Amino acid sequence: MSLTARHHWCAERILFCFSSNDDKENNDGIDNARVQSFLRKPKNLNKFNDFFSGKGPSALFVHYQPRHNSELEALDQKINGGPSSSFSKQQGAKRSELFVSSGDSVLMNSRCCYFLRQGDQVDASIANDTSLLYGEILDSPLETIKSLLSSTYVPLFAESSEWGDTNEEQKADFNDEMNKFVQNLSVAVESISGGLELRELESTLFESSLSAEQPAEGQTLEEKAQHEAETVAKLEKLLDEWCGQVEGYMESREKNKSSSQQQLEGPKAEIEFWRSRRQQLSSISEQLKRKDCKYVVNTLSTYTKGIKLHTKKSSTVALLRRWKQIETDTTEALNESENNSKYLSTLYRFIEPLYSGTAQGIVDTLPALLNSIKVREHLLLP
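Counting restarts for each chain, with residues numbered from 1 along the sequence as it is written. Owing to the predicted nature of the model, reporting of local features is limited to residues with pLDDT of at least 70; listing and counting of side-chain atom pairs is limited to 80 or more, with chain, interface and lining totals taken over all residues. Excluding hydrogens and water, the side-chain values take into account all heavy atoms of the structure.

Trainee: Explain the overall build of the chain to me, using residue names and the numbers behind them.
Mentor: Secondary structure follows DSSP: runs of H or I at least 4 residues long count as helices, runs of E at least 2 residues long count as strands, and numbering of each begins at the N terminus. A tally of helices and strands in the chain yields 12 helices and 4 strands. Only heavy atoms enter the contact rule, under which two residues are in contact if any of them lie within 4.5 Å. Here the contacts in the chain between residues at least 6 apart in sequence split such that 75% fall between residues at least 24 apart. Accessibility throughout is a Shrake-Rupley quantity obtained with a 1.4 Å probe, and a residue counts as covered only by protein chains that appear here. By element, 52% of the accessible surface of the chain is carried by carbon and sulfur atoms, the whole surface being about 23200 Å².

What follows is the structure, encoded as structure tokens:
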């Protein structure tokens, strides 16, 4: 089947999105011939034709990245079973390729573009109209949303005169809420991008095993002991690095806390503190739950369950206790910050008038605020 005017327009958009891709190491470059060949493949062409005719989801995503997204897939195979002997070599050979998805089955690790259908069908004979929209999502989807809101929609609503029967007060309230949402989203993006990122476990160590009681075929007892010692040393070094990263991250955040709170005063400063702390602790908690972290801890724990606990194993036990304490402290602090954030969010509607309300409005708000605090304190009593 030949390509229609709409197909050619989509090809131009795909080429525009990926021709400036910075991932030169894992791709051979994108040109018009490659995009045309990609669209002419029967599987891809059928997806676009179904999309134009109104079948399936209203959005179609085009990716240009390796099919495998992370070396952690090797860990999944290690834990859950399945072929993994040559995974690291295959992963290293993976190169970026063009493929289509509906956006719900592929983990993004690079820029992608999307086509959004408006209405039931798209006229494929017309190159471009408002029935089909095009957009790009950068490496960080949240950053993309933040940029769209702050650079496009906020100025658009602020300058718009098409508000219908909306009065000036309602218009101002809407724009204020929009600005607050963008501000909160910006803080969330900053927290995620500046959050904790532990170094991943090397894929070669996934294959190492300390649980076998007998040497592998062709391996002497001395060689097995040497292999165990080398593997344990690498895992201990990595776990010690992780502990230092988490502890250092928490210390740096505590030092920066006072400077960030100076920008706000009163109850809002307290709300901001616990909200920010919750985001930071969530970042740490997500890292601690990573599968390679659990793999390292479980492997070292197995190693320490020997008959004799010699000096080297004692140091491993101490390191595991340090990691366990970090996990416990993080969980307790996260629960505290979540509870406080949830509670303070219920007071926000009473707190806002203290900053922007009239004197009479503040007087009217105080009884409800104090009553809400009283109810909370009563619930906390043993």
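The structure having been displayed, the exposition proceeds.
Trainee: For the nonpolar core, give the residues involved together with the corresponding values.
Mentor: In this text, buried Ala, Val, Leu, Ile, Met, Phe, Trp, Tyr and Cys residues form a nonpolar core when linked through side-chain atoms within 4.5 Å. Exposed residues in this analysis have more than 50% of their type's maximum accessible area, buried residues have under 20%, and partly exposed residues fall in between, with area computed by a 1.4 Å probe over protein chains only. L239, W242, V296 and W323 are the most contacted members of the largest nonpolar core, which has 26 residues in total. Among the secondary structure elements, those contributing two or more residues to this core are α8 (221–261), α9 (267–288), α10 (291–303) and α11 (311–356). With 8 residues, α8 is the single largest residue contributor to this core. With residues near it in sequence (within four places) discarded, L239 still touches V296, V297, L300, L319, L320 and W323. In this structure, F52, V62, F115 and V122 belong to the second largest nonpolar core, which totals 23 residues.

Trainee: I'd like a description of the packing of aromatic side chains, backed by residues and values.
Mentor: Pairs were defined over the aromatic rings of Phe, Tyr and Trp, the Trp ring being its six-membered one, requiring ring centres within 6.5 Å. Orientation was assigned from the angle between planes: stacked under 30 degrees, edge-to-face over 60, tilted for the rest. Under the definition given, this model contains 12 aromatic pairs. Here the aromatic rings of W9 and F115 are separated by 6.1 Å at their centres, their planes lie at 65°, and the arrangement is edge-to-face. Placement of the pair is W9 in helix α1 (residues 5–18) and F115 in strand β3 (residues 112–117), with a sequence separation of 106 residues. The residues W9 and F115 share a single accessibility class, namely buried. Here F273 and W274 contribute two aromatic rings whose centre-to-centre distance is 4.9 Å and whose plane-to-plane angle is 70°, an arrangement assigned as edge-to-face. The class for W274 is buried, based on a relative accessible area of 11%. Three or more aromatic residues joined by ring pairs make a cluster, and in this case those are W9, F48, F51, F52, F115 and Y134.

Trainee: So what about the packing of helix α2 (residues 32–40) against helix α3 (residues 42–52)? Which residues, and what values?
Mentor: Only the stretch in contact is used when a helix axis is fitted, and all axes are lines through C-alpha atoms; the angle between N-to-C directions ranges over 0 to 180 degrees. Contact pair α2 / α3: the axes reach a minimum separation of 5 Å and the direction vectors enclose 75°. Relative to α3, α2 is oriented roughly perpendicular. Along the contact surface, α2 presents F38, L39 and R40, while α3 presents P42, N44, L45 and F48. Classification convention: Asp, Glu, Lys, Arg as charged; Ala, Val, Leu, Ile, Met, Phe, Trp, Tyr, Cys, Pro as nonpolar; all other residues, Gly among them, as polar. The residue inventory of the contact of α2 with α3, partitioned by class, reads 5 nonpolar, 1 polar and 1 charged. Oblique is the label for any angle not covered by the other classes, which are roughly parallel (under 35 degrees), roughly antiparallel (over 145) and roughly perpendicular (65 to 115).

Trainee: Any chance you could break down the environment of E327 for me, citing the residues and the numbers?
Mentor: Mapped onto the elements, E327 comes out in helix α11. In this structure the C-alpha to C-alpha distance between E327 and V246, which are 81 residues apart in sequence, comes to 9.9 Å.

Trainee: How would you summarise helix α6 (residues 141–159) if you had to cite specific residues and measurements?
Mentor: To estimate the expected span of a helix, count its residues, drop one, and scale the result by 1.5 Å. In a regular helix each residue adds 1.5 Å, so 19 residues correspond to 27 Å; α6 covers 26 Å between its end C-alpha atoms and thus fits that length. Of all bends in α6, the biggest is about 35°, found at L149. Within α6, the full set of buried residues consists of T144, K146, L149 and V154. One axis is fitted to the seven residues ending at the residue and one to the seven starting there. The bend at that residue is the angle between these axes.

Trainee: Run through the pattern of salt bridges, naming residues and quoting values.
Mentor: One side-chain nitrogen of Lys or Arg within 4 Å of one carboxyl oxygen of Asp or Glu is enough to make a salt bridge. Scanning the model with the defined rule gives 5 salt bridges in all. E247 is paired through a salt bridge with R322; the nearest N and O atoms lie 2.8 Å apart. Of this pair, E247 sits in helix α8 while R322 sits in helix α11, and the two are 75 residues apart along the sequence. Where salt bridges share partners, they join D240, E247 and R322 into one cluster.

Trainee: An account of a nonpolar patch on the surface is needed here, citing residue identities and associated values.
Mentor: Note on patches: the residues involved have over 30% relative accessible area and no salt bridge, like charges join within 9 Å, and the nonpolar side chains Val, Leu, Ile, Met, Phe, Trp and Tyr join within 5 Å. On the surface, L148, Y153 and L156 cluster together to form a nonpolar patch covering roughly 280 Å² of accessible area. Structurally, the position occupied by L156 is in helix α6.

Trainee: Pulling in residues and values, what's your account of the sheet that holds strand β2 (residues 97–101)?
Mentor: Two strands qualify as a pair provided that DSSP identifies no fewer than 2 bridges between them. Pairing within the open sheet is antiparallel, and its 4 strands lie in the order β2-β1-β3-β4. Only two strands of the sheet have a single partner each, and these edge strands are β2 and β4 (132–137). Neighbour-to-neighbour, the strand axes of the sheet open up by a mean angle of 20°, direction not taken into account. Note that β3 and β4 share 6 bridges and pair antiparallel. Across the sheet, the residue bridging to C112 is I137, located in β4. Together, β1 (59–65), β2, β3 and β4 form the strand contacts of α3, whose direction differs from that of β1 by roughly 155°.

Trainee: An account of the environment of G357 is requested, with residue identities and associated values reported.
Mentor: Counting through the fold element by element, G357 comes out in the loop between α11 and α12 (359–380). Ignoring anything within four residues of it in the chain, the contact list for G357 reads E352 and I362.

Trainee: Would you mind going over the packing of α1 against α2 in detail, with residue names and values included?
Mentor: Closest axis-to-axis distance for the α1/α2 pair is 10 Å, and the angle between their directions is 130°. Judged by the angle between their axes, α1 and α2 are oblique. Handedness of the α1/α2 crossing: right-handed. On α2, the residues that touch H7, H8, A11, I14 and L15 of α1 are N32, V35, Q36, F38 and L39. Residue classes in the contact of α1 with α2 are distributed as 6 nonpolar, 4 polar and no charged. Take the far helix as the reference: if the near one is turned anticlockwise from it by less than a right angle, the crossing is left-handed, and if turned clockwise, right-handed.

These values are about where atoms sit, not about what they do.
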